[in-house]
Amino acid sequence: MACLYNILYMPETLNLTNSTPGAPLTLEMIKGVLVKEVLARPTLCIGDVAAMLGVGPRTLSAVLKREVGGNFCSFISDLRLAEAERLLRLRRYARFSAEQIGLMVGFASRQSFYPHFKEKYGCTPIEYRSRNLNENKRPEDADF
């Protein structure tokens, strides 16, 4: 099972079907569509993403199951949580409340964001931010 970091940040190539016509769909293409769409719509569904990628929902579902070991909803939730966690560490997003960041990454409400975040990271988004904002030392996370 590939970890979410690899799905989001490692360029790899996936062949979605046994006989994909033309060039194979790359994981970068999937990530590009998902990141853009996850941040834009809390109501994102597998049919929308599959249509953008030019494959059927069953094919996309099978690929996600094989590559990340989960279904579309859990993959999208993990993607949103990873992006929220990243934004909470960045000083340039400190002016946004944790609730606003949850909404920015596609959670429909505070009530849907906070419990998922706490389950994954063991603390609330506010607690996470207070622990990690000042420890931000990675070059890709530097303030502008």
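Residues numbered from 1 in each chain as written. Predicted model: local features only at pLDDT ≥ 70, side-chain atom pairs only at ≥ 80, totals over all residues. Heavy atoms only, no water.

So, on to the overall build of the chain. Each helix and strand in the chain was counted, giving 8 helices and 0 strands. Moving toward the C terminus, one meets the helices and strands of the chain in the order α-α-α-α-α-α-α-α. Counting over 144 residues, the chain shows a buried share of 38%. Carbon and sulfur atoms make up 56% of the accessible area of the chain, which amounts to about 8200 Å² in all. (Helix = DSSP H or I, 4+ residues; strand = E, 2+ residues; numbered from the N terminus. Buried < 20%, exposed > 50% of the residue type's maximum accessible area, 1.4 Å probe, protein only. Areas by Shrake-Rupley, 256 points an atom, 1.4 Å probe, with all protein chains shown as cover.)

Turning our attention to the packing of aromatic side chains. As enumerated under the stated definition, the model contains 7 aromatic pairs in all. Summarising the aromatic geometry, the rings of Phe 107 and Phe 113 are spaced 5.2 Å apart at their centres and angled 45° between planes, so their arrangement reads as tilted. In this pair, the class of Phe 107 matches that of Phe 113, namely buried. Geometrically, the ring pair formed by Phe 113 and Phe 117 is edge-to-face, given 5.7 Å between the ring centres and 65° between the ring planes. Here Phe 117 and Phe 113 lie together in helix α7 (residues 110-121), a separation of 4 residues that amounts to about one turn. Exposure class is identical for Phe 113 and Phe 117. Each is buried. Feature note: the residues Phe 107, Phe 113, Tyr 114, Phe 117, Tyr 121 and Tyr 128 constitute an aromatic cluster, connected by ring pairs. Residue placement shows Arg 110 over the ring face of Tyr 114; its charged tip is 3.8 Å from the ring centre. (Phe/Tyr/Trp six-rings, centres within 6.5 Å; stacked < 30°, edge-to-face > 60°. Lys NZ or Arg CZ within 6 Å of the ring centre and 35° of its normal.)

The values are spatial; any link to function lies outside them.
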